[in-house]
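Letter by letter, the chains look like this.
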Amino acid sequence: MMMNILLAIVGMAIALLLLLLLIRLRYDRLIKEIWRSLKSSPSGDVFTIDMVANLDEPVQRYFLHAIEPGTPLASYVELEMNGSFRLKPDSDWLMMQASQIISTSGGFVWKAKMGKSLMQFSGADYYAQNKGRVRFSLWGLIPVVDAQNEDIARSSVGRLCIEYVWLPSALLPQNGIAWRAISNSTIQANFKIDGEPITLNLTIDRDGKLLSLSLPRWADDTEDKNWQYIPFGGKIQAEQTFDGYTVPCELNAGYWFGTDRYWTFFQATIIEAYVV
């Protein structure tokens, strides 16, 4: 009798593991499909000074530092990064390795592994075709978070837009971006993606080098967990040039940027960037 019970338990455990594996494989396949869809073909045009000649001088300074004249206009960038990540201000930092694609078509995929040994998580975030989703699992099998709704989609748009600094061609005025200089060292871009309004603020030095970035991002990092626009941003520690694009290669980011409540949850170093 006891043996039959044990066999039944083992059978149920195996069935559950197989189900979890099937769910993971389906999500992995979805992520691959979205990643592939974001590889839009480049236009064949190259960056010229004339493209930014009518912008305020600080905005011109940023673009002329970020994109070497004559560089082909990229339609997407694929990134390899490592760093650390945490969920709360008082949480321990988890080691992170990730790959990402960001596309001018209005989407991204971020695939990551975090933690180690018994506390290793893997999964992906994405935004594409007006849909956003966050799904991570313990050991790649046991779901820890799987969220997809309108709030996640709106928050994902904010993330996409602030990470366009890794793909400066997406921020050119030819793409419907309205730029203005707030001061000699602060520039602002206003635009919309899938109806979500974006106000992206960049701080630069006298050479156009990016120092910090921020925007109001739809999020629930509040005491009552209600969703609202929250100052989100980060600081740049270093930059590197990849195929004519000079972009941040070391940075941190978090919520409530510019306030006493600011806390970082993301620290990253870009190992490689493939600009296409």
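Residues numbered from 1 in each chain as written. Predicted model: local features only at pLDDT ≥ 70, side-chain atom pairs only at ≥ 80, totals over all residues. Heavy atoms only, no water.

1. With respect to the packing of aromatic side chains
Under the defined criterion, the tally for this structure stands at 13 aromatic pairs. Ring centres of Trp218 and Tyr229 lie 5.0 Å apart, and the angle between their planes is 70 degrees; on these two criteria the pair is classed as edge-to-face. Here Trp218, found in strand S10 (residues 210-219), pairs with Tyr229, found in strand S11 (residues 228-242); they are 11 residues apart in sequence, far enough to count as distant. Classification of Trp218 as buried rests on a relative accessible area of 15%. Residue class for Tyr229 comes out partly exposed when judged on its relative accessible area of 34%. An aromatic cluster is present here, built from Phe85, Trp110, Phe136, Phe232, Tyr255, Trp263, Phe265 and Phe266 joined pairwise through their rings. Over the aromatic face of Trp35 sits the side chain of Lys111, whose NZ or CZ is 4.7 Å from the ring centroid. (Phe/Tyr/Trp six-rings, centres within 6.5 Å; stacked < 30°, edge-to-face > 60°. Helix = DSSP H or I, 4+ residues; strand = E, 2+ residues; numbered from the N terminus. Buried < 20%, exposed > 50% of the residue type's maximum accessible area, 1.4 Å probe, protein only. Lys NZ or Arg CZ within 6 Å of the ring centre and 35° of its normal.)

2. Quick word on the pairing of strand S13 (residues 263-275)
Sheet topology note: the strand S1 (residues 76-85)/S13 ladder contains 9 bridges and is antiparallel. Pairing of Ser84 across the sheet is with Gln267, part of S13. Sheet analysis places strand S12 (residues 245-255) next to S13, joined by 6 bridges and oriented antiparallel. Each residue of the ladder has a partner; that of Ala253, found in S13, is Phe266. (Pairing = 2+ DSSP bridges.)

3. A look at the environment of Gln188
On the secondary structure map, Gln188 appears in strand S8 (residues 186-193). Judged by relative accessible area, Gln188 falls into the buried class, the value being 11%. Separated by 54 residues in sequence, Gln188 and Phe242 have C-alpha atoms that sit 24 Å apart. What Gln188 contacts, discounting residues up to four positions off in sequence, is Ala178, Trp179, Arg180, Ile182, Thr199, Leu200 and Asn201. In this structure the side chain of Gln188 is engaged in a polar contact, spanning 3.0 Å, whose partner is the side chain of Asn190. Within the structure, Gln188 has its side chain in polar contact with the side chain of Asn201 (distance 2.8 Å). (Contact = heavy atoms within 4.5 Å. Polar contact = N/O pair within 3.5 Å; in protein donor to acceptor, adjacent residues only side chain to side chain.)

4. Some words on unusual backbone geometry
Look at Ser117: it is not a glycine, yet its phi comes out positive at around 50 degrees. Topologically, Ser117 is positioned in the loop between strand S3 (107-116) and strand S4 (119-128). Even without glycine at this site, Gln129 takes up a positive phi of about 55 degrees. Within the secondary structure, Gln129 sits in the loop between S4 and strand S5 (131-138). The class for Gln129 is exposed, based on a relative accessible area of 74%.

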